[in-house]
Amino acid sequence: MSRCLAERSIDHVVLERGEVANTWKTERWASLRLLTPNWQSRLPGFGYQGDDPDGYRTMPEVIAFIDRYAKVISAPVRAHTTVTSVSRSDAGYLVATDRGDWHARTVVLATGACNIARVPALAEAVPSAVTTLTPVQYRNPDQLEEGGVLVVGASATGTQLADEIHRSGRPVTLAVGEHIRAPRVYRGRDLEWWMDAAGVLDERYDEVDDIVRARKVPSLQLTGSSERATLDLNALTGIGVKLVGRLAGINEGKAQFSGSLRNLCALSDLKMGRLLDTIDEWATDNGLDGEVEAPHRLPPTEVEESPPLGMDLTSGEIRTIVWATGFRPDYSWLDVPVLDRKGQLRHDGGVVESPGMYLMGIQFLRRRKSALIDGAGDDARDLSDHLASYLDGQVATTDH
Amino acid sequence: MAASETAVDNGVNVQALLDAREALTAAPEGAKFEWRATCEWKNGTHSHSTVEGFFGLGEEQKHVTTFTFDADHPEIFASEDKGAAPVEYILVGLVSCLTAGIAAIAQHREIQLRSIKATLEGSMDIQGILGIDSDVRNGFGDIKVTFDIDADATADEIKALVAQSQKRSAVYDAITNPTNITVEVN
């Protein structure tokens, strides 16, 4: 966004509570790699130039990449400046920080969708002998006591942590809710390559059937590894991870798992099948069939005959619970009435209900790729357009 | 109906359901329902239950007619078998909920159904209810539902209907997840 504003000579500052790429530096686990391949992180006027376009950035590489972009575009970053509140003022907005106030006609909220790890209410009932932690606190398996670990949630975070923790010798039970299965590589190409090429990632928020639902879809079960391995539930079962249903309750120290595991796996297998069908059709229509490997389907997700419905959390078998139950944004500093009853920001493709306020970097903001680094460019171009028109007085306050 | 429209008709008014969804999104208070039943003991293990009124959309509601249900145990339990066993009502509740869901979702996805047939098997070790072995639960061990569906759709599309129906089913949820139950005596 800073780059797009600069191109339009719109005077601005970028306020950062820590340093550039702060979340990547301070709130992510050590082994995490970007889920998208190197070539795919395309920012306005900046892209990957190394010799491993199909690799996945490690955390230090992500940090270096974002740092370098900030320098290349000479982004006017005010580091170590924490915004304490944003409120309406006569001229637009008053942005209060721990280093003085700013008056701005427009504000772009680019704090992201993953500020706070979601923890389900039933966490309160976890017996005190069991240690609990969120992915924000998790760094590596050595942090955990020896013994069993219950990982709750089977999207990208849950599957990655289950894999790493189980391989460290701590037997993992994985509580599986809704999840989206995906092969890392399909017909010889990265799944992200297919979704990018076939236009799936460019699908717009105003073109999908149900945008509210589309914004809630969990992250694909993907991981970035040098082997380009698929990390689905079958892969986890293969190394000995035990699958159970969604954690539905904790009663007198006993965890209760939903009996819906089989159906959630069926839903996910069917959804993946439809995505691969879309890819195959696109490949045929675009004459790629001779060029890439033949279509294939993955074997169905294996679910044991009668998955356990309960587990005694007081027996000592489980020493740690990891909540991989998603993240939510933190708008506690936002003193503008733009949140709905569920605490979500009301906006139309990033144009927030409050005139002159914009939002970036959340799931399906304007396109399926909006939450990816690769999605920032197109969204910033669109929204900086709108922002410039707003400053020129050419946008009616109700016109989104 | 315009001639160009495909006349998919499963007898479900999807538009009314979608309108209700929209209205209740705006006014979530109206979405709070209360389902009710009353029951009267007859004799032995035989009881007679009634459903008539319920609460929803912010006011008292009523079924078109009063529905009654006799429940009893089979003769092999030395009962008179004057009605289905209570656990069989659970199976009936589950399959009728899933079947209704399949019809509604098929209508929404413009899939014409010709027939839906289902068979249910709920396994139970009655050592639990008889108090013979405390390690055996009282309820079902496993429930298996088998659907035979004839529809204008591919095998995967039919599987997706059935999967989505489970995802949205109240009874499926009630059976697969725990529910707090309060029982009081007047």
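Note that the structure is predicted; figures quoted are calculated from it, not measured.

Colleague: What am I meant to see in the domain arrangement of chain B here?
Modeller: A common measure of how large an interface is: the accessible area buried when the components associate. Residue and element names in this part refer to chain B. When cut into domains, chain B gives domain 1 (11–84) and domain 2 (85–178). Relative placement of domain 1 and domain 2: their C-alpha centres are 18 Å apart. On the side of domain 2, eight residues touch domain 1, which itself brings eight residues to the contact. Secondary-structure elements contributing two or more residues to the side of domain 1 that touches domain 2 are α1 (14–26) and β3 (59–71). Looking at side-chain class alone, the side of domain 1 that touches domain 2 contains seven nonpolar, one polar and no charged residues.

Colleague: Would you mind showing me how to read the packing of helix α8 (residues 261–285) of chain A against helix α3 (residues 155–167) of chain B here?
Modeller: Axis angle and axis distance: for two packed helices, these are the angle between their axes and the distance between the axes, and together they describe the pair. The contact between α8 of chain A and α3 of chain B brings their axes to 9 Å, and the two run at 140 degrees. Taken together, α8 of chain A and α3 of chain B sit at an angle that is classed as oblique. Note on packing geometry: the crossing formed by α8 of chain A with α3 of chain B is left-handed. Contacts from N263, A266, L267, L270 and G273 of chain A of α8 of chain A reach α3 of chain B at D156, K159, A160, A163, Q166 and K167 of chain B. Taken together, the residues that form the contact of α8 of chain A with α3 of chain B break down as five nonpolar, three polar and three charged.

Colleague: What am I meant to see in the interface of chain B and chain A here?
Modeller: With 11 residues of chain B at the interface, the matching set in chain A holds 13 residues. Elements with a contribution of two residues or more to the side of chain B that touches chain A: α3 and α4 (170–176) of chain B. Here the side of chain B that touches chain A takes six residues from α3 of chain B, the largest share from any one element. The residue inventory of the side of chain B that touches chain A, partitioned by class, reads four nonpolar, three polar and four charged.

Colleague: Sorry, what's going on with the domain arrangement of chain A here?
Modeller: Residue and element names in this part refer to chain A. For chain A, the domain assignment lists domain 1 (2–115 + 329–391) and domain 2 (118–327). At the interface, 23 residues of domain 1 touch 24 residues of domain 2. Grouping the constituent residues of the side of domain 1 that touches domain 2 by class yields 10 nonpolar, six polar and seven charged.

Reading the values: the criteria
- Residues numbered from 1 in each chain as written.
- Chains lettered and ligands numbered in written order.
- Predicted model: local features only at pLDDT ≥ 70, side-chain atom pairs only at ≥ 80, totals over all residues.
- Domains from an automatic or database assignment.
- Contact = placed C-beta atoms within 7 Å.
- Helix = DSSP H or I, 4+ residues; strand = E, 2+ residues; numbered from the N terminus.
- Nonpolar A, V, L, I, M, F, W, Y, C, P; charged D, E, K, R; others polar.
- Axes fitted to C-alpha atoms, helices over the stretch in contact; angles between N-to-C directions.
- Parallel < 35°, antiparallel > 145°, perpendicular 65-115°, else oblique.
- Left-handed = near helix turned anticlockwise from the far one by under 90°.

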